[in-house]
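What follows is the residue order along each chain.
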Amino acid sequence: MADQELWGQVDQYLEATIIAEPPVIFAARKASKAAGLPDIAISPAMGKWLGQIVAISGARRVLELGTLGGYSTLWMASALREQNQSARLVTLEKNPVCAGVAKANFAYADMMDIIELRRGEAVDSLKALIGEKGEPFDLVFLDANKADYPEYLKWVMRLVQKGSIIIADNVVREGAIIDENSSDYNVQGIQQFHKTVGDDKRLEATAIQCVNAKGYDGFSLIRVLE
Ligand code: DHB
Ligand code: MG
């Protein structure tokens, strides 16, 4: 698609001019590719955007659902490293191959003191975190199985507090979310997610459509009000 090629070239331009992807984060992207992980990580521009939100919000405790090779994880961890000694990031991954690649990427980036990788089904890990009664998370990045976003949100709500931020990736799906008759479970999951968020008086949300080398999608930015 000609448009997608242009979107990719614009991202390359931005990467060359303003993004300044740190070498260890670049290395994680390359290692994930070399290991054959699917090419579905967020873009460098989006990774830096996430890091900016972590920095601006002053988040100290971050939770990520869906580690993949740890690319987004490392952008957020780098921002945490910069601002706070006691910062922690818990990231959840079901796929053992992804988890193995991510762990190596975290070690290479010397981020093992900030990042805790938990393997297994995200819902099981979320329930375990709730049971541990730790401090609430300041920022949650939701980027795991799209069909389960509504279920994830339900448990995540018990791990956040007033002022927390929830960011969700892939909430536009090439525009498929406007198809009320979609038979795609991922699209249905995202549609239910938007509906649940919109109906929840504790949440204030927006979503932004995005284009880049990987196509057309978007992300939600949600504030927890109470
Ligand atoms: C898919 C998942 C993602 O998180 C993403 O950003 C793009 C695609 C997928 O499962 O197809
Ligand atoms: Mg994603």
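Reference entry: report on the structure contained in this document.

About the cut-offs
Residues numbered from 1 in each chain as written. Chains lettered and ligands numbered in written order. Predicted model: local features only at pLDDT ≥ 70, side-chain atom pairs only at ≥ 80, totals over all residues. Heavy atoms only, no water. Pairing = 2+ DSSP bridges. Helix = DSSP H or I, 4+ residues; strand = E, 2+ residues; numbered from the N terminus. Axes fitted to C-alpha atoms, helices over the stretch in contact; angles between N-to-C directions. Donors = N, O, S within 2.8 Å, 3.2 Å for Na, K, Ca; no water. Buried < 20%, exposed > 50% of the residue type's maximum accessible area, 1.4 Å probe, protein only. Parallel < 35°, antiparallel > 145°, perpendicular 65-115°, else oblique. Contact = heavy atoms within 4.5 Å. Nonpolar A, V, L, I, M, F, W, Y, C, P; charged D, E, K, R; others polar. Expected span 1.5 Å × (residues − 1). Arc of directions from axis to C-beta.

Details of the sheet that holds strand β5 (residues 160-169)
Working step 1: If you walk across this open sheet you meet the seven strands as β3-β2-β1-β4-β5-β7-β6, and the pairing is mixed. Each edge of the open sheet is held by one strand with a lone partner, namely β3 (115-119) and β6 (203-212). Taking the axes of each pair of neighbouring strands and ignoring which way they run, one obtains an average angle of 15 degrees across the sheet.
Working step 2: Bridge count between β6 and strand β7 (residues 215-224): 10 bridges; the pairing is antiparallel. Within β7, the position partnered with Glu-204 by the bridge is Arg-223.

Focus on the coordination of the magnesium ion (ligand 2)
Working step 1: At the metal site, the magnesium ion (ligand 2) is ligated by Asp-143 (OD), Asp-169 (OD) and Asn-170 (OD1), and these contacts range over 2.0 to 2.1 Å.
Working step 2: All donors of the magnesium ion (ligand 2) come from a single chain, and their spacing in sequence reads D-x25-D-N.
Working step 3: Taking the relative accessible area as the measure of exposure, Asn-170 reaches 12% and is therefore buried.

Quick notes on the packing of helix α2 (residues 23-34) against helix α4 (residues 71-83)
Working step 1: Across the interface, α2 lies against α4 with an axial gap of 9 Å and an inter-helix angle of 170 degrees. The orientation of α2 with respect to α4, classified from their angle, is roughly antiparallel. Contacts between α2 and α4 pair Val-24, Ile-25, Ala-28 and Arg-29 from the former with Tyr-71, Leu-74, Trp-75 and Ser-78 from the latter.
Working step 2: Each residue belonging to the contact of α2 with α4 can be placed in one class, and the counts come to six nonpolar, one polar and one charged.

Observations regarding helix α1 (residues 2-19)
Working step 1: Here α1 contains 18 residues, and its C-alpha end-to-end distance of 24 Å stays within 8% of the 26 Å for a straight helix at 1.5 Å per residue.
Working step 2: Here α1 has its buried residues at Gly-8, Asp-11 and Ile-19. On an axial view of α1, the arc spanned by its buried residues comes to 60 degrees, and they lie on one face. In α1, the exposed residues that point more than 90 degrees away from the buried face are Ala-2, Glu-5, Tyr-13 and Ala-16.
Working step 3: Packed against the buried residues of α1 are α3 (44-57), α4 and β6.
Working step 4: Backbone geometry just downstream of α1 places Ala-20 in the positive-phi region, at approximately 50 degrees.

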